[in-house]
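Observations on the three-dimensional arrangement
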Amino acid sequence: MLLSGAWFIAAALLAILVLAIGCRPPWCFWTRNYNAKNDAGGNDRKFKTERDVPGPFALPILGTRWMYSRFGYYRMNKLHEAYKDLNRRYGSLCKEEALWNYPVISVFSSGDINTILKRNSKYPLRPPQEVISYYRRSRRDRYTNLGLVNEQGVTWQKLRVALTPALTGSGTVSGFFPALNTVTDEFIDLIVSERATNSTVRGFEDLAYRMGLESTCTLILGRHLGFLKPDSSNILTKRLAEAVRIHFMASRDAFYGLPLWKLLPTSAYKQLIESEDTIYNIISELVETTIREKEDEAKDESVEAVFLSILGQKNLDIRDKKAAIVDFIAAGIHTLGNTLVFLFDLIGRNPQVQATLYEEVLSLAPPGCDLTEADLRTADYLRACISESFRILPTTPCIARILDEPIELEKYHLNAGTVVLLHTWIAGLDDKNFKDASKYLPERWMTTMKPHSPLLVAPFGAGKRICPGKRFVELALRLIVAKIVREFEIVVQEELNLEFEFILAPRSPVSLGFQDRLSRTETT
C-alpha cells in the first residue's frame, strides 16, 4: 500500500513537471535565443526588466493563473472587470505570469499602447490559442495549418494574401450592398414578428445572431439561406450560435486556466472539440450545398466575389479553403450580433442621440425605401454613433501582441518575445484620453473634444493583423442601424449586463423595445 502510494505521488509529480515543461508557450524559446545575443552587450542594465513590473502574487511554476480558479478572487466570465481592478491596483503596467512564470504584461496607458501599435513589423506576432492549435494539428483530415488567427510569419502572410483580397476590397462590398438591403428588410420583418404586445423583443440577442449569420453567409457564400424568415425553423441557427458561444468560452477557460487538457480531456477541451466539430460540420455542409447549387446556376460575381475568390486559389488545398470559409462565417455571427445589441442599447438609453440620429436617417430616403452607399456616406452622425459605440462597448476589449524586438515603456525594458495585452477599451474609458469618457457622446467624433485618442478605438485590432471583415461589418452596421432607427423607436427598460466569453458579450436574455414610428404606421 505504502509503495503504491509513493509511486502514485511520484507519478503525479512527474506529470506536473512534464505538464509545466511541455506547456511553455512557443514564444518563450524565441525570446531565449534573441536575448542570448543581446544580453551580452549589457546595454539595458539601467532599465528594469519585465520581471520587475508590478503585479499580483505568482506561485512557482503556476504563475498567477490561480486568480481565475475557484481559489482566486476573479471569475472567468468577468475578466473584463478583473483587468479594470488590476489597473486600479498596479497602475499603467501590470504583470501576470503564465505557466512556468512566463510574464504577460498588461498595458493600460494610451501613450504606451500607441507606441506599440505604431511599430512596423513585416509579420506581426500575436499569441496563438494553444488549445485550438493543438486540436487542429490533430485533425489533418480538415486542416493543413492553424488558420489566420493562430498562424505566424510567412505562413500567416501567405494565407492573408490568398484569402482576404476579395473580402477587404471596396468593390466586393459595393456589389454585396443590394443584397444587404434585402437582408436588413428581412431582419425588420423578423423583429416585427417577434415583438410582444408591448413591442418588446425578449432574447433580442438571438435575433441579432441570426442577422449575423444570414448577412455573413450572404457575403461569404453569395446566397440567401433564409435564417431570418419569421416562419422558418431557426434550430440550425441556434445550434450554430450556441456552438460559437461555447467555443469562445472553452477557448477562454483553456487560455486562462491550467493546461491540464494536455494530460487528460478536461471539460473545457471536450467542449472545444464538440463546438469546433459542430461549427465545422454545419458550415461545411452549407459550403458543399452552395458548390453543388452554383454548378447549375448562372454566376452573379458581384455577390459571389468572396466565395469565388477563395475557391479559385490554385495554391491552396481544398481543406484550407473550406476551413477559411468556416472561420469567416463563425467569426461574423457573434461579432456582428453582439455589436448590434450594444449599439441599440446605447442608442435606446440616450433619447437625444436617438432623436438626432432619426432626423438624419429620415433625410436619407423615405421609410420603406432602400438606402445606397452614397446615402450612407453623407450620414456623419450615424458613423459617429457607431464609432462611439465601439469606444464604450467593443466586442474586443484588448489587442494581444508578441514583441518582435525590445521596447522601453516608462522605466521598464521589455525584451523581444514578451507577450503584451493592450487594453484599448479600459484606456478609452479614462477621462485622460477622452473628455467625459463615461458618457455616450457621438458628437466627439464630429467636432474634436479634447482630450481625444482615436487610436484607442480598435474593435477590429490594428495594423497588418486587423480583422479582414472590418469594411463589411462597418458598412453592415451603418445600413442596419439606419433602417432600424428609421422604422422604430428603440426603448431600453433593463440594465445590460456583460459577460467575458473571450470577447465581450451581453448576458442573455436581452430585452429591447421596438415601437413603430408614425412614418412606419403610415406606410404599412
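Computed from a predicted structure; not experimentally measured. (Residues numbered from 1 in each chain as written. Predicted model: local features only at pLDDT ≥ 70, side-chain atom pairs only at ≥ 80, totals over all residues. Heavy atoms only, no water.)

Attention now moves to helix α3 (residues 79–90). The end-to-end C-alpha distance of α3 is 16 Å, a good match for the 16 Å that twelve residues give at a rise of 1.5 Å each. Listing the buried residues of α3 in full gives L79, H80, A82, Y83, D85 and L86. Backbone geometry just after α3 places G91 at a positive phi near 95°. (Helix = DSSP H or I, 4+ residues; strand = E, 2+ residues; numbered from the N terminus. Expected span 1.5 Å × (residues − 1). Buried < 20%, exposed > 50% of the residue type's maximum accessible area, 1.4 Å probe, protein only.)

What follows is about the packing of aromatic side chains. In total, this model carries 20 aromatic pairs according to the counting rule given. Summarising the aromatic geometry, the rings of Y68 and Y256 are spaced 5.4 Å apart at their centres and angled 75° between planes, so their arrangement reads as edge-to-face. With Y68 in the loop between β1 (48–49) and α3 and Y256 in helix α10 (residues 235–256), this residue pair connects regions lying 188 residues apart in the sequence. Its relative accessible area of 5% is what places Y68 among the buried residues. With 5.8 Å between their ring centres and 80° between their planes, F488 and F514 make a pair best called edge-to-face. Of the two residues, F488 is situated in strand β9 (residues 488–491) and F514 in strand β12 (residues 511–516); the sequence distance between them amounts to 26 residues. (Phe/Tyr/Trp six-rings, centres within 6.5 Å; stacked < 30°, edge-to-face > 60°.)

Moving on: the sheet that holds strand β3 (residues 103–107). Read across the sheet, four strands follow the order β2-β3-β8-β5 without closing on themselves; strand pairing throughout is mixed. Each edge of the open sheet is held by one strand with a lone partner, namely β2 (93–97) and β5 (399–402). Neighbouring strand axes in the sheet, compared pairwise and without regard to direction, differ in orientation by 25° on average. Across five bridges, the pairing between β2 and β3 is antiparallel. When the bridges of β3 are listed, E97 appears paired with P103. Those strands touched by α3 are β2, β3 and β8 (419–422), and its axis lies near 120° from that of β2. Along the sheet face, helix α4 (residues 110–117) touches β2, β3, β5 and β8 and points at about 120° away from the line of β8. (Pairing = 2+ DSSP bridges. Axes fitted to C-alpha atoms, helices over the stretch in contact; angles between N-to-C directions. Contact = heavy atoms within 4.5 Å.)

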